[in-house]
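In case you want the letters, here they are:
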Amino acid sequence: MLKKKHPIEILIAQGEHQQLDFKFEVNDCKKIARTLSAFANTDGGRLLIGVKDNGHITGIQGDEEYYMIEAAANRHTTPCVSFSARRWDLNGKSVLEVYVAPGADKPYLAPDKDDRYRAYIRVADENKLADEVLLMSWTKQGNPAGTLLRLSRPVEKLFGYLDTHPSIHLRRFCRLAHIRHSTAQNILSDLIAIGSLRYVIDEHGTRYERILS
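Every chain's residues receive numbers from 1 upward, in the order its sequence appears when written. Where totals are concerned, whole chains, interfaces and linings use all residues; where local detail is concerned, this predicted model gives features only for residues with pLDDT of at least 70, and gives and counts side-chain atom pairs only at 80 or more. Processing note: side-chain calculations cover all non-hydrogen atoms of the structure and skip hydrogens and water entirely.

## Examining the state of the cysteines
When the sulfur atoms of two cysteines share a covalent bond, that bond is a disulfide.
Here comes step 1: Disulfides are defined as pairs of cysteine sulfur atoms found within 2.5 Å of each other. Across all of its chains, the model carries zero disulfides by this definition.
Here comes step 2: Free cysteine C29: the closest other cysteine sulfur is in C80, separated by 13 Å.
Here comes step 3: Only protein chains enter the area calculation, which uses a 1.4 Å probe; residues under 20% of their type maximum are buried, those over 50% are exposed, and those in between are partly exposed. C29 sits in the buried class, given a relative accessible area of 16%.

Have a look at this one:
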């Protein structure tokens, strides 16, 4: 009879990805706050503390890691990132699982290396700074009056392009529609805010895809 895998073993087997991060230990509240910000600003995720990057379980000692996470969330993120935590025992070692749900009050900010509060997003297994288009879209989503989008010629050109191409980059949109960088950013952020576009980040940068209803 096969031994049933422990829930933590199942998670570790996935490897680090957009919604899963391993931490050997937590010794810097501000650094871990950036991960909390990134999870809350993207699709949520889990931190496994007491696990090395290669998936080896080292375990944690006492409750210090939990208090560091609590301090990071309450003192170094704005608005405060909510989280839940559970301690698991496996083969005589303890792993702290921290879960962060996708946030409803984006953007969630955390201090960078110079103590400037910035918004982070999760891309694959890394935390990256949110760009201006995304920041603008979050502001518009939080506007009680909503977002009014005019079906202008640049928007028509954009949709026409996306009818035959899977995605578009900001610079390509500027050239296609013969508009300024700031105008293109405003249009793209409007379309993300109303749920007509999604952003995708890869090794080639940020691109925008149409969401078909």
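## Description of the sheet that holds strand β3 (residues 84-90)
Here comes step 1: When DSSP finds two or more bridges between two strands, those strands count as paired. Strands are runs of DSSP state E lasting at least 2 residues, helices are runs of H or I lasting at least 4, and numbering of each runs from the N terminus. Strand order in the open sheet formed by four strands is β1-β2-β4-β3, with mixed pairing between adjacent strands. Edge positions in the open sheet fall to β1 (20-23) and β3, since each of these has one partner strand only. Taking each pair of neighbouring strands and ignoring which way they run, the sheet shows an average axis angle of 20°.
Here comes step 2: Note that strand β2 (residues 45-49) and strand β4 (residues 93-100) share five bridges and pair antiparallel. Bridging from a neighbouring strand, I49 pairs with L96 of β4. Only C-alpha atoms enter the line fits that serve as axes; for helices the fit covers just the stretch in contact. Angles between N-to-C directions range over 0 to 180 degrees.

## A word on the sheet that holds strand β10 (residues 205-210)
Where strands meet in a sheet, backbone hydrogen bonds hold them as pairs that are either parallel or antiparallel.
Here comes step 1: If you trace the three strands from one edge of the open sheet to the other, you get β8-β10-β9, paired in antiparallel fashion. The open sheet has two edge strands with one neighbour each: β8 (168-169) and β9 (197-202).
Here comes step 2: Of the strand pairs in this sheet, β8 and β10 are connected by two bridges, and their pairing is antiparallel. Residue pairing in the sheet places H169 in a bridge with R207 of β10.
Here comes step 3: The criterion used for residue contact is that any of the two residues' heavy atoms lie within 4.5 Å. Against the sheet, helix α5 (residues 153-164) engages β8, β9 and β10, with an angle of about 90° to β10.

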